[in-house]
Amino acid sequence: MSSALRTVSAKRWLDASIIAVMVLLAIGMLLPFLWLFSTSFRLPSEAYKLPPAFLPPNLDLTNYFAVFDSRVPFLQIYGNSLLIAVVVTIGQMVTCTLAAFAFSRLSFKGRDALFMVLLIGLMFPAQVTILPIYLGYARVGLINQPIGIALMYLTSSFGVFLMRQFMLSQPKALEEAALMDGAGYLKIFWRISLPQLRPALSALGIITFTQTWNYYFQARVLLGRESAMTLPVAMDMLRGYMGAGNLSVVMAAMSMAVLPVMLLFLIAQKFVIEGITMSGIKN
Amino acid sequence: MSASTATPSARATRTRPSDLARAQALTGWLFVMPTTVLYLTFVLAPVILTVILSFSYFDPMIGSRWVGLDNYARFFTSPRSLKIFFNTLQFTFFAVTFNVSVGLILAMALNRAMPGWLLYFFRLAFFLPVIIAAAFVSIVWTYFFGDDLGVINYFLRLVGLANVRWLTDSTMAMTSIIIMDVWKNTGFFMIIFIAALQGLPRSITEAAVMDGTPAWRQFFRITLPYISPVVFFCIVFASIGALQVYESIVILTKGGPGDATRSLSILIVEEGFSSFQVGYAAAISVVMTVIILIITAIQQLLSRKWVQQ
């Protein structure tokens, strides 16, 4: 019995020391973010000063105001990013949900073949679609138009797949009862299916918003003009303009750029993680 | 499917089955219409056009012409593009290996009872890099990887070590990019592995503990075989992402020094949009896609085998 007790307490020690090591590691993981926020509050002349700052020396917002006085139309760029992310998020919530309802609840000719073709889309990287899209956009005048990027992502194979998986896991009893009572499919979708989809819809919305906010490759190719840019591309440009002299202003801009996704994560951590890993596990 | 075909007959008294089937088909097509049209326009048609472009010399002024496999031949014979191809495969190999193995080690470490606030903190710390754009964090890391003013070198000097030229040394630059990539992405795999580990039946591990099976043996004999489909999925998922690596390299090194860290995606953008070698760029992107398709096909085959077992 004493040996059993000993192993129990040994295990507890092991657990505690592993967690202690993990806490240190976790703080290490956060250092780039701590540095980014802290540097945004440093005096521009001291931004590079060593030792680096991991805690803000003050809470003076001068650098933040300086971002808006810079040569870069930061407000407009921020607006472009928001516009694209919001339009794409709402668009995908609508198109993917509609398609998923059809794929999981209705039977029609060609349904399964169409779904397979859609699934293949999961495997195509942006690199293999960008050239024709660029050439087409050049012809119709959608280059340097933020809405052009939004248009490309109004639906996604992943979104349809995610919503369909969720719907397949939901019971159909209520919908069938409504059908018996003579309700049409539109009414069933709107009144019965949609309210049940809330968790899946928030997962899809969060993933889509985050993904769209972070797009770089597509935006860099299609949005070259400053006033049309999105934040990820513009940050790199801002860094070039500011040069070495104004690192703290660049970090102030960056702090504002990461804010929406970071807030989303702090508030809805569980949803974000479940949503993003759902893409992993369900596959 | 069987349920939906059974329902109409059950209520045949009210509406004729053919009407209902027609209504169902109509609604179905209506609902898939937006996705189908968008998918055809922005995914399927562009992919097909890219394949066609890859066999042609594209010039909107003089007119395009069919050049057969020339673009592919150029890619597979030019030392420069082969070097860039090799860079990409090298990055993929190391980034995948470390992302997945570090993620698994972290998951094993965190897969134990702890208070809720601590779990929130760990998830925050390890998952935050995953969701913040690579373009943003890469800018921060350029200052971490700086030479004299760099944050990491400051700490190296503090403990008496010499500066490392993280991004300016051609043999070091790729390693630095991989380090940042693991910092950024390993948390994703950690979270997936934690979910997989929690599916491990407790009775089995408890029995092993009772028998006094050493921990490493438990891991290789019980845990790893149990989660191996998930491990394999993670390897495939990580490879597909790593093959497309773009912004972290563009921002950290711009592909340099020289071509030391240039990746296929960078080459595609340079050839397609700076040099206007559209056909050649298309061929490179087709090569990339074919590799992704092969990796995915292998995964599908193997996972089917696993399911059958």
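Residues numbered from 1 in each chain as written. Chains lettered and ligands numbered in written order. Predicted model: local features only at pLDDT ≥ 70, side-chain atom pairs only at ≥ 80, totals over all residues. Heavy atoms only, no water.

Counting secondary structure elements, chain A contains 14 helices and zero strands. Listing every helix and strand of chain A by position from the N terminus yields α-α-α-α-α-α-α-α-α-α-α-α-α-α. Over its C-alpha atoms chain A spans a radius of gyration of 24 Å, topping by over 25% the 19 Å that the globule rule assigns to 283 residues. Principal axes of the C-alpha set define a box for chain A whose edges measure 80 × 70 × 35 Å. Burial analysis of chain A (283 residues in total) assigns 55% to the buried set. In chain A, the proportion of contacts linking residues at least 24 apart, taken out of those at least 6 apart, comes to 71%. Taken as a whole, chain A presents about 12,600 Å² of accessible surface, with 68% of it coming from carbon and sulfur. One finds the centroid of the 20 positive side-chain charges in chain A at a distance of 6 Å from the centroid of its 11 negative side-chain charges. (Helix = DSSP H or I, 4+ residues; strand = E, 2+ residues; numbered from the N terminus. Rg over C-alpha atoms; globule rule 2.2 N^0.38 Å. Buried < 20%, exposed > 50% of the residue type's maximum accessible area, 1.4 Å probe, protein only. Contact = heavy atoms within 4.5 Å. Areas by Shrake-Rupley, 256 points an atom, 1.4 Å probe, with all protein chains shown as cover. Lys, Arg positive; Asp, Glu negative; His and termini not counted. Charge placed at Lys NZ, Arg CZ, Asp CG, Glu CD.)

Take the pattern of salt bridges next. A side chain of one charge can pair with a side chain of the opposite charge when the charged atoms of the two come close. Residue and element names in this part refer to chain A. Considering all chains together, one arrives at nine salt bridges over all chains under this definition. Taking the shortest distance from any N to any O, the salt bridge between Arg239 and Asp236 comes out at 3.0 Å. Within this pair, Arg239 and its partner Asp236 are both found in helix α12 (residues 231-242), separated by three residues, close to a single helical turn. Taking relative accessible area as the criterion, Arg239 reaches 15% and is therefore assigned buried. We classify Asp236 as buried; its relative accessible area is 14%. (Salt bridge = Lys/Arg side-chain N within 4 Å of Asp/Glu carboxyl O.)

Together, Leu259, Leu263, Leu266 and Ile267 of chain A together with Tyr120 of chain B make up a nonpolar patch on the protein surface, roughly 460 Å² of accessible area in all. Per element, the largest residue contribution to the nonpolar patch is four residues, and it comes from helix α13 (residues 247-267) of chain A. Residue position: Leu266 of chain A is located in helix α13. Residue classification places Leu266 of chain A among the partly exposed residues on the basis of a relative accessible area of 38%. (Patch = residues over 30% accessible without salt bridge, like charges linked within 9 Å, V, L, I, M, F, W, Y side chains within 5 Å.)

Facing 92 residues of chain B, the contacting portion of chain A comprises 98 residues. Summed over both sides, the interface of chain B with chain A buries roughly 8,700 Å², with 79% coming from carbon and sulfur. Connecting chain B to chain A are one salt bridge. Arg112 of chain B serves as the salt-bridge partner of Asp15 of chain A, at 2.3 Å between the closest nitrogen and oxygen. At the surface where chain B touches chain A, the tally comes to 15 residue pairs in polar contact (both at pLDDT 80 or more). By residue number, the principal contributor to the side of chain B that touches chain A is helix α2 (residues 17-54) of chain B, which donates 22 residues. (Buried area = accessible area lost by both parts, 1.4 Å probe. Polar contact = N/O pair within 3.5 Å; in protein donor to acceptor, adjacent residues only side chain to side chain.)

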